[in-house]
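What follows is each chain in one-letter form.
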Amino acid sequence: MAQRVSAADGGNKKTSRVRVAVRLRPYMSKQDEKDEGPCVRGLDSQNLEIINWRNAMETVKYHFDVFHGEQTTQQEVFLSSVKPILPHILNGQNASVFAYGPTGAGKTHTMLGNPQQPGVIPRAVREVFNLVKAKEEGEGWDYSIGMSYLEIYNEKVLDLLSPSSQDLPIREDKDKNILIPGLTHTTISSFSDFDKHFVPASLNRTTASTKLNQRSSRSHAILLIKVVRTQRAISHRQQTGKLYLVDLAGSEDNRRTGNQGIRLKESGAINLSLFTLSKVVDSLNSGTAIRVPYRDSKLTRLLQDSLGGSAHSVMITNIAPEYIYYFDTFSALNFAAKSKLIVNKPFTRETVAVPVVPVKRAREDHGAGGSGVE
Ligand code: ADP
Ligand code: MG
């Protein structure tokens, strides 16, 4: 069964947790806005604080597995949060890395980056090729690396390597492996081979985005790197390891934006999958025997064999320091951390203005323990 995470399940208990990292991007003040300074800041390599909007003399403190401050380089994020899990996919285990957070907080920068500052995806793919190269001598296994690239948009699974394809089904085989019949799977022999397929597919997605209301921030982009190894001995044993690299849809409160029509439908789908993801991460991290609701959304169904169980998962929650992101930051932090601490301490030594936001923007789960907006 999929429920491999009960507290009694000692063997898997340690590995089934989802490691949670938070990355704060640098402050980007715009010329036409007054410079209010940041509303969130790091304390050390695991803790950060955000001003409490109910009381500017208080801050709310959060603790995570890792906190990456605004100075953190792409290389550091990769080394600490991603590189350690990659060797497992050469041994037939699964792994997933996903970037969560509001639109504009740095998910795509973290996952994709740019030619000067490449992100997790190019670094991880290079590393997988390096690991395979280092292995090939003498150990008796032949390795083959392949890729698929897909998007979940409005609860539809779309093949980005074959853009004209329709919604694809998600199936499970008798060994509980998740598969997508009909999804393009391309063997790649080098990093440049990967790039040749990945870059045009990524561009496809970006072009569609400008036509379709920033679709790229409203869909989940999922890159799958699959490593199959076959023993050269007569037995020809075969093991498959999968790595999912996911740039999630923006986590901002979609109900707040007054969406209608197609955007309302998108919002429902985004809320469903991110809400289900949060329930899945919660039940994995709580270590209790509660049902892990993988089947409640396409995203979690797809990740079912690569999230929890013996898989290795990392969630990088991206946040932005500007006040305009305040409530989205608060809700992203509450998604990522299940405990927080209110501290009686002013955020800065100067007087800090409480952000002026319409009452209807405040949601109960954004709050830090009180009720209502005064
Ligand atoms: P998202 O994908 O979450 O919507 P982006 O990755 O597109 O956000 O980031 C928004 C903007 O902020 C982009 O211009 C990006 O280059 C910049 N940015 C994000 N994170 C960083 C960072 N750590 N350092 C420098 N610039 C960043
Ligand atoms: Mg993005």
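Our subject is the structure that appears above.
No experiment lies behind these values; they were computed from the predicted model shown.

S.K.: Looking at this model, I keep getting lost on the site of ligand 1. Mind explaining?
M.R.: Taken together, the neighbourhood of ligand 1 is formed by Arg23, Arg25, Pro26, Met28, Pro102, Thr103, Gly104, Ala105, Gly106, Lys107, Thr108 and His109. In the model, an oxygen atom of ligand 1 is placed 3.5 Å from a nitrogen or oxygen of the Pro102 main chain. Within the complex, the protein chains bury 69% of what would otherwise be the 560 Å² of accessible surface of ligand 1. No other element matches helix 3 (residues 107–111), which puts three residues into the shell around ligand 1.

S.K.: Looking at this model, I keep getting lost on the pairing of strand 7 (residues 141–153). Mind explaining?
M.R.: Looking along a regular strand, one sees the side chains alternate between the two faces of the sheet. Burial analysis of strand 7 places eleven of its 13 residues in the buried class, the great majority of the element. Pairing of strand 7 with strand 12 (residues 220–231), which is carried by twelve bridges, proceeds in the antiparallel orientation. Bridged to Asp142 within strand 12 is Thr230. With four bridges connecting them, strand 7 and strand 8 (residues 156–159) associate as antiparallel partners. Among the inter-strand pairings, Ile152 is bridged to a residue of strand 8, identified as Val157. Hairpin geometry of strand 7 and strand 8 is characterised by an intervening segment of two residues between the two adjacent antiparallel strands and by a positive phi of about 55° at Asn154.

S.K.: Mind showing me how you'd approach the pattern of salt bridges here?
M.R.: Should their charged atoms come close, side chains of opposite charge can pair. What the rule picks out here adds up to twelve salt bridges. Arg41 is paired through a salt bridge with Glu49; the nearest N and O atoms lie 2.8 Å apart. Judged by its relative accessible area of 29%, Arg41 is partly exposed. In this structure, the salt-bridge partner of Asp193 is Lys196, at a minimum N-O distance of 3.3 Å. Highlighted residues: Asp193 and Lys196, both in helix 5 (residues 191–211), separated by three residues, approximately one helical turn.

S.K.: Would you explain the packing of helix 2 (residues 74–82) against helix 4 (residues 120–135) in this entry?
M.R.: Packed helices, taken two at a time, are described by the angle their axes make and the gap between the axes. Look at helix 2 against helix 4: their axes get within 10 Å of each other, and the N-to-C directions meet at 55°. Relative to helix 4, helix 2 is oriented oblique. The crossing of helix 2 and helix 4 is right-handed. Across the interface between the two elements, Gln74, Gln75, Val77, Phe78 and Val82 of helix 2 pack against Val120, Arg123, Ala124 and Glu127 of helix 4.

Reading the values: rules and limits
Residues numbered from 1 in each chain as written. Chains lettered and ligands numbered in written order. Predicted model: local features only at pLDDT ≥ 70, side-chain atom pairs only at ≥ 80, totals over all residues. Heavy atoms only, no water. Near = heavy atom within 4 Å. Polar contact = N/O pair within 3.5 Å; in protein donor to acceptor, adjacent residues only side chain to side chain. Areas by Shrake-Rupley, 256 points an atom, 1.4 Å probe, with all protein chains shown as cover. Helix = DSSP H or I, 4+ residues; strand = E, 2+ residues; numbered from the N terminus. Buried < 20%, exposed > 50% of the residue type's maximum accessible area, 1.4 Å probe, protein only. Pairing = 2+ DSSP bridges. Salt bridge = Lys/Arg side-chain N within 4 Å of Asp/Glu carboxyl O. Axes fitted to C-alpha atoms, helices over the stretch in contact; angles between N-to-C directions. Parallel < 35°, antiparallel > 145°, perpendicular 65-115°, else oblique. Left-handed = near helix turned anticlockwise from the far one by under 90°. Contact = heavy atoms within 4.5 Å.

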